[in-house]
Structure formats: C-alpha cells, structure tokens
Amino acid sequence: MTAWNDSAGGKRASAILKSRPFLTLAIVAAVWIVASFVSRGFGAYGHLRYLVELGAVIGLVAAGQTFVVVAGGIDLSVAAIVTVSAISLPLLSWQADPTGLVSVIAVLALTTAIGVVNGLGVALLRVHPMIMTLAMATFLQGLLIIIAGGSAVTAENPLVHWLGNARPAGIPAGIILWIAVSTVVLTVMHATPFGARIFAMGANPLAASLSGVPMTSTTLAVYGISGFTAALAGVLVLGMNGQGYVGIGDPYLLASIAAVVLGGTSILGGLGTYAGTIPGAILLVTITALITVVNASPGWRSILFGSLILGLLLLSGREQARR
Amino acid sequence: MTTVPPLLAARGVSKAFFGNPVLRGVSIALQPGRVHALLGENGAGKSTLINLLSGALRPDSGEIEVDGRAVPRMTPALARQAGIAVVQQELSLTASLSIAENIGLGAYPKRFGLIDYNELASRAKAACALVGLNEPLSTPVGRLALGRRQMVEIAKALYRKPRVLILDEPTSSLSATETKILTDLLERLRAEGIAILYISHRLNEVMALCQHVTVLKDGTCTADRSLAGTDAAGLVRLMVGRDPGDLFPKWRPSASSANAISVRGFSAGLMRDVDLDIRAGEVLGIGGLVGQGQEDLLLGLYGAIPARMASATVNGTSGLPGGVPKANALGLAYVPADRKREGLHLIHPILTNMMLPAFARLPALRLRSRRAEHETGKSLAAQLAIKGDLGRPAQALSGGNQQKVALAKWMPHDPLVLLLNDPTRGVDVETKREIYLMLRAFADAGKAVVLLSSDTPELVHLCDRVAVVREGRITATLDRAALSEEAIVSAAMGAEKQKVAA
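Residues numbered from 1 in each chain as written. Chains lettered and ligands numbered in written order. Predicted model: local features only at pLDDT ≥ 70, side-chain atom pairs only at ≥ 80, totals over all residues.

Observations regarding the overall build of chain B
- Summing up its helical and strand segments, chain B has 17 helices and 22 strands in all.
- Against the compact-globule benchmark of 23 Å for 502 residues, chain B has a radius of gyration of 24 Å, which places it among compact chains.
- Residues classed as buried in chain B amount to 49% of the 502 residues present.
- The contacts of chain B with a sequence gap of at least 6 include a subset with a gap of at least 24, amounting to 69%. (Helix = DSSP H or I, 4+ residues; strand = E, 2+ residues; numbered from the N terminus. Rg over C-alpha atoms; globule rule 2.2 N^0.38 Å. Buried ≥ 20, exposed ≤ 12 C-beta atoms within 10 Å, placed from the backbone. Contact = placed C-beta atoms within 7 Å.)

Laid out in structure tokens, this is it:
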C-alpha cells in the first residue's frame, strides 16, 4: 500500500491495470511478441495489419453479441445472419444505385428486422434466447439453401468492394469501419441510459422491470443491434472475399461468443464491456494465424483451436462466484 | 451458574475480514434448556458469530467449544454431527424442489442406496407438523409465500433432530399466527433440553421468549446477562449506545380529502373485487396474515402484474397504469420486500442502483453526465445516511443500508404515491427509525404512502388507516381511532367482521 496507490489517480491506474480488457490486451501483446521471434514474418507490419483486419469481422459480429450477452441473453443466429447479408446483397442490386449504398442499407434493414423478430420471441413469447435464436438460424439456413442453392454469388457492388479492399491513408477500410462502430458501441454502452438499462436487465431482470426499465423495447433493440452488426460483418466479409456462399458466416458464431467472454464479459449477463471484446477478437485471429503456421491438417487445426480457446478461458475467463 | 457445560460456546473469539475487525474477543455460551437472545444492530457481528459457531468460518483467535471441549478446527460437517442446526436469515431453499425434498436435502434416508421416499415423507411430515405446515409435501417450495418458506426452513432444521438450534431472524417474514406457532414450538423444544440461540429485531418477542441475552455492538459484547429485570428500552440502549427515544415519529393528521388512487372492483392475482381509496397525505397500512394477496394488491396497482377493475383513478388520470414505466410516469414508485432479488442489482455499484429509475425514464440515447449522477448520489447518500464509497457493489452493504438504497433510488423522482412492501423486514432498530421518519415526512408533504407490513406495531403506530386483507379481500378498514394490535390481528384472522366506516 504505497502513497501512490492511495491517491485517486493511482487507484484508477491500478484499476485499469487489473481490468479484464487490459489483461486480454496484454495477452495479445505477449503472443505477438513471442510469435514474431519464433516465426519469421509474423511481426511484420503488413501481417499484423492483416490480423486486425480479420479481427474486424469478428469484432463487428461480437459487438451485437456483447449487447445481447450483457443484457442476459445470447444470439446463436449471428452466423446465419452474416451469411444472409453476404448472399442477399448481390441479389439486391438496382440499376439506379450506382454506389451500392441503397442495397447495403436494404440488407442492414432486413437483418435488423430479423434481429427484432428474435427479440419478439424472447420478450413477448418468452422463448429462451438460445432456442429462439437457434431456431431462427436453422430457418434462415433453410431459406438460404432454397434461394442461393450451392452456388457462390459474386458481388458487383462498388461500396462493398471499396470496404473490402480500399486503404485510405494506408489503413484498411474494414478497420476504419470497426473503429467507427467501436466508438459508437462503447458510447452507447457506457454513456447513455440505454446502456445502463441493458446492464440492469442482465444483472437482475426482475429488479430492472420493477425499477421501470422498459423490458420489451430494450430486448427488441438489443437483438436488433445484433442483427445489424452481424450484417455489417457480412458486408465486410463479402467485400474482402468477393463472393458470398452458404456457410460463409459459420466460423463467426463460436468466434463472436469467445471474443465476448475472452474480453471479460460475464456470460451470465450484467457485467462486462465491449472494450474487452475488441482485444478478444484480435486474440482469436492471432490464435488462428498461429495454428496455420504450425502447418497441421484441418482436423487438427480445429481441435487445436477449440482447446486453445478453452485453455485461455480457464486461464482468464472464469467467473467469480456470485452471491 | 449451572455446572452443566454449555452445549456450544465461543470463548473470546475474534474475526477480521480484510483487516477489518468484525468481532473482538466475544464469548457466548449456549446452555441446554435455555433460549438465548443475540441482539445487535445490522453490522454488529451477529451473522459472523453464527458462522463461527456453525463452522462456516474459523475464528482468527479464540475457541469454539462443544460440550465443554475445545474444537480446534470446526467445520460445517462437524457442527452437523454435533447436532447444531442453523436457520439462516437468507433462505437456503431450492425453489424447484418439493417441501419434503428441501427438508431432507443432504440427509435423505437411503434404502438399497436409493432415496427412501416413503421414509422421507413420514419424517418430513413429522417436522412439518411441528411448525404447522399443512401444505402437501410435494408442493415446490418456489410456490410458497415467503413466510411459509421460512417455516420450511425451520422444519428442515428440526428434521435433523438438533441439540443446538440457531435461528437468525426467524420471524421477520412470519405473520402473527405463524410467530405464535413458532414461539410455542420453541418453548416446547426448550423444555426438552435443546439449547436455542434466537436472533430478532423484535424486542417484545425477545422479552417474551428468551431467558438470557447477549448484546453485540460494533463487534464487542456489551451485555451477557439474564433477561430477568431488564426492559426493552434498556436493551436498545445497550445495542445503540444511546437512549432509544421513541421508535415511531409523532403522529399528526396529514391526510387530505383528495384521493391519490381510487379503485373499484379491482382484481389482481389473489385479490378479488376490491374497493380502495388511497388519500394524498396519508400513510395507509396494509395488514393481514402473510400471503393473503396483499402483495398482489400493490403489484396490481403498480402495473407489474395484470389487473382488472370496474373503474380506477390514479393521480387524476382514469384507468390503472398497464405497466411499470407508465406507473412511474404517473408518479407511482414501488419498494419490494425482497431487496436482494427484486429491489437491487447486487453486483452493480451503489450509485448505479440509485440512478436506475432515472436511466429507465431518460431518453434512451442522451449522453449521461457522470458528474450530475455523482452529485445526485452523494446528496441521496447524505439524506439517508448511507456511508462509504458509492462505487462499491450493493452487495457490500448491510441489510439495512441495502434497504435504504432501495428506497433512495425513487427519491429523485419525487413520487406522489409510494408503495412499500415490508420495508423494515430484517432491518435494525436505528434504520427502522430513520425509515419511519422518512415515511412520515413524505406523508406530511402531501404524498400518499401505502405500507404493506408484517410488523403489526408498525401498522398501529405509523399509519393513518389500516386495510386488513384476508383471502384476497379487504375485510376491514380501521381508522386511526380504532387502531390496535388486537383489532388488526382479529380482523386478519376473521374473528369479527367489522367495517369501520372510512
């Protein structure tokens, strides 16, 4: 207990140093440093930039997921929504839309509506979030197979192409999008009454509703946001990939939940921050990159990935017992 | 003194949490055939002492003795073997299990390695009969009212045939009749030679039931003596360290003739076809046995459960609010009985808890002002004497202070009608006094206070009128002049059908 520690500034500094977002960030930095010594080229600026760009996709999906998890729910339909946006976007294009903006907005509106339907099921029909969103995912997958079949669709949307490939001032547009979304998400989560409501809802829904928190509309909003950010990720993936196909969103379900939990957000709801999810997402792509370096067969890669996530969570993500 | 060694004793025990001393050199001896009262304000160290006696915690120094022999490493398992049973203040029941399963939990009778349900049922039935529980044994505990759950908890302790029975505020959620059953039972157990440690904030119960008292104040023992020859005021002095004054503020008429809420033919939950007028400026008590529908009356008015009515007016608007946000907008506020489950967000900071109703009402996306929140929080804390850092989680507070936070969060909204569900349950004397003063001041300012309470003296001394609920109906409305504990209890039991004109 030094004098420095007792001062207000010292307290804040030590609180930050002990916080989960900072811990996750420290793990990312440590892994990057070790990996760049072990593997040639890992630490190159271009490679790290590429990792963050890949992290942006997970980070966008996990933005909505963080809202849902903090509010005490879970969204298992995000992967399907990523696919919906990557496939429906090429189908929704008009001659009168030279920039492609209108079709992007149309897709975002569509997926937000899908999220709101999730919210309706959870809030009004009182279906458990896991069941509701899983059923929604299954429904969407069926619909996608009927619409798109097995073939890939190519995007000829200038805005989407720009998002996936442009580098204004040397920074990939996807990363810029991620920074913008992160700013908005962090502000909404921690500096608005709406953000306070979702934390209250997740920590104790009964006490929240008796305190006057509008439960139905908040639930609808939270799942709507999740649908929206999943679609943003879908648009970005489509831009980076050039083509959309059924299954393009599949990796992002586990990844989004893992990023949220690695970042220190309680899976039980009510505690957490998107500030932890951001390094969580980068940590996930870093692990994936390392596994690729190891040069194992796809089966072993998957096994390794799953085990590493579990190991990291045991290391840092175990929940404190709640009274 | 007796020559028999005490069944259970603590000798000069001390305990500190994180360098914060909670108990300092406290001794207590539980003799067979004696009801021993343990008194003290919230935070005086009562719960810690119980935890030491039952092996849930180990003392930093000092000894725990069983039958006069020191037990160096007391554990809950050893305590159970020694016949020590604790009825916790925080109920430890599993809501989805049946009454019988809860009672036997951890000590199921076995037959061929499987649970012998017939044996369990007969033994659980015997325990239930002792405490007057007549609900079917297969009823899930979650469906019982709070008072009935408390009785299950006591039956669970009795099922283990204890030699030492420790009861932490057993009557705080019990009705008058249930309390009577319990006190009769404790008398009987005492006669059988069981040592009983009894913790309660209700001094008249303590005076009637106990023979010996230990008083804790700030972690030290301020009295360890026979109850004979003491009076309630003397005990309060020992607990608080000063003269008690009057627990209840002076009553003076403050009711106006204007109705804040008026309902006709109101039905919600258990309540059926009720007519009720709540006047601005009055404290209206809601009394009756526990679980007769009183809570549904408050929740129905508050819009938290569906309600039907012939007609209703709330603060000049016709019709009842259909939901909580609407009710808040109409100037209604509700303070729930179970502050941990319904009132607070225990894992969130005290300040966030205080600000939640504001967050619920402000425009969703307007930027918050941390500075303004801090100012509001600080003034609320000062107003209600809530001490310490507002950034700590609410679960760090003692029960009385948690209740103050649950009340404080509505204050910035200046509600016109305050609906309170047993706000002084398990709250120490000093906090009770503060809450009473607040409620009276609230009524004096022309607001309506609806006070549902299981504490009959509270209804008699604080309220302008008391509506007594029985089986979902208001069976009597007693005016100030007709108010007495006898009148409330007899109306609650349906002893006489009186209706004093309002």
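So, the sheet that holds strand 3 (residues 34-39) of chain B
Residues and elements named next belong to chain B.
- Taken in spatial order, the six strands of this open sheet run 6-9-10-3-11-12, and their pairing is mixed. Only two strands of the sheet have a single partner each, and these edge strands are strand 6 (84-87) and strand 12 (220-226). Adjacent strand axes in the sheet meet at a mean angle of 15° when their direction is disregarded.
- Two elements, strand 3 and strand 10 (residues 195-199), share five bridges in a ladder whose sense is parallel. Bridge pairing links Ala37 to Tyr198 in strand 10.
- Helix 1 (residues 46-53) contacts strand 3, strand 6, strand 9 (164-168), strand 10 and strand 11 (212-217) of the sheet and is inclined by roughly 155° relative to strand 9. (Pairing = 2+ DSSP bridges. Axes fitted to C-alpha atoms, helices over the stretch in contact; angles between N-to-C directions.)

Quick word on the interface of chain A and chain B
- If you look at the interface, chain A gives 23 residues, while chain B gives 27 residues.
- Sorting the residues of the side of chain A that touches chain B by element identifies helix 9 (173-191), helix 10 (193-203) and helix 11 (205-210) of chain A as the ones contributing at least two each.
- A total of seven residues in the side of chain A that touches chain B trace back to one element, the largest contributor, which is helix 10 of chain A.
- Looking at side-chain class alone, the side of chain A that touches chain B contains 14 nonpolar, six polar and three charged residues. (Nonpolar A, V, L, I, M, F, W, Y, C, P; charged D, E, K, R; others polar.)

Things to note about the domain arrangement of chain B
Residues and elements named next belong to chain B.
- Considered domain by domain, chain B is made up of domain 1 (8-240), domain 2 (246-331 + 415-502) and domain 3 (344-414).
- Counting residues at the interface gives 19 residues for domain 1, matched by 15 residues for domain 2.
- Counting only elements with at least two residues in the side of domain 1 that touches domain 2, the list comes to helix 5 (146-159), helix 6 (176-191) and helix 8 (232-240).
- Its residues assigned to classes, the side of domain 1 that touches domain 2 shows seven nonpolar, eight polar and four charged. (Domains from an automatic or database assignment.)

Examining the pairing of strand 6 of chain B
All names here are of chain B.
- Alternating positions in strand 6 separate into two faces, Ile84 and Val86 on one and Ala85 and Val87 on the other, with burial throughout.
- When strand 6 meets strand 9, the two strands line up parallel, connected through four bridges. If you follow Val87 over to strand 9, its bridge partner there is Leu167.

What to know about the packing of helix 12 (residues 350-361) of chain B against helix 13 (residues 370-383) of chain B
Residues and elements named next belong to chain B.
- In contact at an axis separation of 10 Å, helix 12 and helix 13 are set at 100° when each is read in the N-to-C sense. Classed by the angle they form, the pair helix 12 and helix 13 counts as roughly perpendicular. Between helix 12 and helix 13, the residues in contact are Leu351, Met354 and Met355 and Glu373, Thr376, Gly377 and Leu380, respectively.
- When grouped by side-chain class, the residues that make up the contact of helix 12 with helix 13 number four nonpolar, two polar and one charged. (Parallel < 35°, antiparallel > 145°, perpendicular 65-115°, else oblique.)

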